[in-house]
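One letter stands for each residue in the lines below.
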Amino acid sequence: SRYYREVLPGEIVKISRYDVQTLDVVPRPEGDPSAFCIFEYVYFARPDSIFEGQMVYSVRRRCGQQLAIEAPVEADLVSTVPESATPAALGYAQKCGLPYVEVLCKNRYVGRTFIQPNMRLRQLGVAKKFGVLSDNFKGKRVVIIDDSIVRGNTIAPIIKLLRESGAKEVHIRVASPPIRFPCYMGINIPTKEELIANRPEFHDLANYIGADSVVYLSVEGLVSSVQESIKARQENENSFKNQKSRLGKIGHCTACLTGEYPVELEW
């Protein structure tokens, strides 16, 4: 199989053995901007997916670069929790001029942690899920890039593991903003009370999870990382011309981060 093109929002496509035909494009209400889920770029999508003419891997790397601009730190190396945040970690390391080094390796003989029946078992599962490459970071200051921190339960045992294995400092940098609001568009985000960003612990999150520091990417930083190459392409081409003025305004749904929903909520 090979990549042909994206199906446009509202487009009805007929695929036959001979060709690909557009049967119809349902028009968007005038002045109503598109609202593609920004968390597809952050976490959900495979890194080789292509959305809006750009590869998800490239967007994640840009998020890491932007995070390095917003939240640099004195450290010896940059790493990640394998492996969803790897592109962001590589971007962060490149921008900071620090080496990217693996500090953890996945234990392929352990099952999924999120299906464990209670929190204690999930945390134990996280610790068993990784092997520690201690020679790579013993006595060093480590920056760990994560793609998102939702409840805060997964990262805490990992930080503990790194410290016990000889890390001098552990700084956490998150390549997305904190999730604060529920998604009513079909993504099963935990309840507001479960989200660490809404809990009292969030005000001293570094201490709560055992890190030396924690900084999240700003909403503006995420949006600019996602929209940068879309805008550049718009300037070079005249495709998407009818959406040019609107993309800069919203273009993507950030409701779980900002509480600004793309449609009015009706209860």
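Residue positions are given per chain, counting from 1 as you read along its sequence in written order. Residues qualify for local features only when their pLDDT is at least 70, as the model is predicted, and side-chain atom pairs are given and counted only at 80 or more; totals for whole chains, interfaces and linings, by contrast, use all residues. Hydrogens and water molecules were not included; the side-chain quantities draw on all heavy atoms of the structure.

If you look the protein chain up in an unreviewed UniProt entry, it shows as PUR1 Amidophosphoribosyltransferase from Pedionomus torquatus.

Novice: Help me understand a nonpolar patch on the surface, please; the structure alone is not making it clear to me.
Specialist: Candidate patch residues must exceed 30% relative accessible area and have no salt bridge, after which like charges are joined if within 9 Å and Val, Leu, Ile, Met, Phe, Trp or Tyr side chains if within 5 Å. Surface accessibility in these figures is a Shrake-Rupley result with a 1.4 Å probe; residues are shielded only by whichever protein chains are displayed. We define a salt bridge as a contact between a side-chain nitrogen of Lys or Arg and a carboxyl oxygen of Asp or Glu at a distance within 4 Å. Among the surface-exposed residues, Tyr 184, Met 185, Val 263, Leu 265 and Trp 267 lie close enough to one another that they form a single nonpolar patch of about 570 Å² accessible area. Under the scheme used here, helices are H or I runs from DSSP no shorter than 4 residues and strands are E runs no shorter than 2 residues, and both carry numbers assigned from the N terminus. Among the secondary structure elements, Met 185 is positioned in the loop between strand E10 (169-174) and helix H6 (205-209). Burial classes follow relative accessibility: with a 1.4 Å probe on protein chains only, a residue under 20% of its type's maximum area counts as buried, one over 50% as exposed, and anything between as partly exposed. Exposure remark for Met 185: the relative accessible area of 39% places this residue in the partly exposed category.

Novice: Would you mind going over the pairing of strand E6 (residues 77-80) with me for this structure?
Specialist: One face of the sheet, then the other: side chains in a regular strand alternate in exactly this way. A two-sided burial pattern is seen for E6, the buried positions comprising Leu 77 and Ser 79 on one face and Val 78 and Thr 80 on the other. DSSP calls a pair of strands paired once it identifies at least 2 bridges connecting them. Where E6 lies against strand E9 (residues 141-146), four bridges are found, and the strand directions are parallel. Across the sheet, Ser 79 pairs through a bridge with Ile 144, a residue of E9.

Novice: How do you make sense of the nonpolar core when you look at a structure like this?
Specialist: Generally speaking, nonpolar side chains in soluble globular proteins are found buried as a group. With 31 residues, the main nonpolar core has Val 78, Tyr 92, Ile 145 and Leu 222 as its most contacted residues. Secondary-structure elements contributing two or more residues to this core are helix H1 (38-44), helix H2 (56-70), helix H3 (86-96), E9, helix H7 (219-236) and helix H9 (255-258). The element best represented in this core is H2, accounting for five residues. Any two residues whose heavy atoms approach within 4.5 Å at even a single point are treated as in contact. Here Val 78 is in contact with Ala 89, Tyr 92, Ala 93, Leu 98, Pro 99, Tyr 100, Val 101, Val 143 and Ile 145, once residues within four sequence places are set aside. For our purposes a nonpolar core is just a set of buried Ala, Val, Leu, Ile, Met, Phe, Trp, Tyr and Cys residues, chained together by side-chain atoms within 4.5 Å.

Novice: Is there a simple way to explain helix H5 (residues 155-164) in this structure?
Specialist: Three or four residues apart is the spacing at which side chains of an α-helix point the same way, because the helix has 3.6 residues per turn. Within H5, the full set of buried residues consists of Ile 155, Pro 157, Ile 158, Ile 159, Leu 161 and Leu 162. Once H5 finishes, Gly 166 follows within two positions and takes phi at roughly 110 degrees, a positive value.

Novice: Can you help me understand empty space enclosed by the protein in this one?
Specialist: One water molecule sets the probe size; rolling that probe over the atoms shows where empty space is left. Computed over the protein atoms alone on a 1 Å grid, cavities are sets of points where a 1.4 Å probe fits but cannot get out and pockets are open sets with protein on both sides within 12 Å along at least five of seven lines; a residue lines them when it has an atom within 4 Å of a point. Grid points are joined across faces, edges and corners, and a volume is the space filled by probe spheres set on the points. Using the criterion set out here, one finds one cavity of 30 Å³ or more in the structure. Empty space within the largest cavity amounts to approximately 50 Å³. Residue lining of the largest cavity: Val 42, Arg 60, Cys 63, Ser 84, Ala 85, Ala 88, Asp 147 and Ala 175, and that is the complete set. Residues are grouped as follows: nonpolar covers Ala, Val, Leu, Ile, Met, Phe, Trp, Tyr, Cys and Pro; charged covers Asp, Glu, Lys and Arg; every other residue, Gly included, is treated as polar. Residues of the lining of the largest cavity, tallied by class, amount to five nonpolar, one polar and two charged.

Novice: I would appreciate a short explanation of unusual backbone geometry in the present structure.
Specialist: For residues that are not glycine, phi is negative in most cases, and the peptide bond is trans in most cases. Between Pro 82 and Glu 83 the backbone carries a cis peptide bond, its omega angle lying at -10 degrees. Along the polypeptide, Glu 83 turns up in the loop between E6 and H3. One non-glycine residue, Glu 52, lies in positive phi territory at about 50 degrees. For Glu 52, the position within the fold is in the loop between strand E4 (50-51) and strand E5 (54-55).

Novice: When you look at the sheet that holds E6 in this model, what are you seeing that I'm missing?
Specialist: Think of a sheet as strands paired side by side through backbone hydrogen bonds, with each pair either parallel or antiparallel. Ordered in space as E6-E9-E10-E11, the four strands form an open sheet in which the pairing is parallel. Every interior strand has two partners, whereas the edge strands, E6 and strand E11 (213-216), have only one. When the angles between neighbouring strand axes are averaged without regard to direction, this sheet yields 25 degrees. Here E9 runs beside E10; their pairing, made up of six bridges, is parallel. Note that in E10 the partner of Ile 144 across the bridge is Ile 172. A fitted line through C-alpha atoms serves as each axis, taken over the contacting stretch for helices, and the angle formed by two N-to-C directions is quoted from 0 to 180°. Where H2 meets the sheet, its contacts fall on E9, E10 and E11, and the angle it forms with E11 comes to roughly 120 degrees. Packed onto the sheet, H3 meets E6, E9 and E10 and runs at close to 170 degrees relative to E6.

Novice: How do you make sense of the pattern of salt bridges when you look at a structure like this?
Specialist: This model, assessed by the stated rule, comprises eight salt bridges. A salt bridge links Glu 11 to Arg 5; the shortest N-O distance between them is 2.8 Å. The buried category is assigned to Glu 11, whose relative accessible area is 10%. Among the salt bridges present, the one from Arg 141 reaches Asp 76, with a minimum N-O distance of 3.0 Å. Taken as a pair, Arg 141 in strand E9 and Asp 76 in the loop between H2 and E6 lie far apart in primary sequence, 65 residues in all. A relative accessible area of 22% means that Arg 141 is categorised as partly exposed. Look at Asp 76 and you get partly exposed, because its relative accessible area is 29%.

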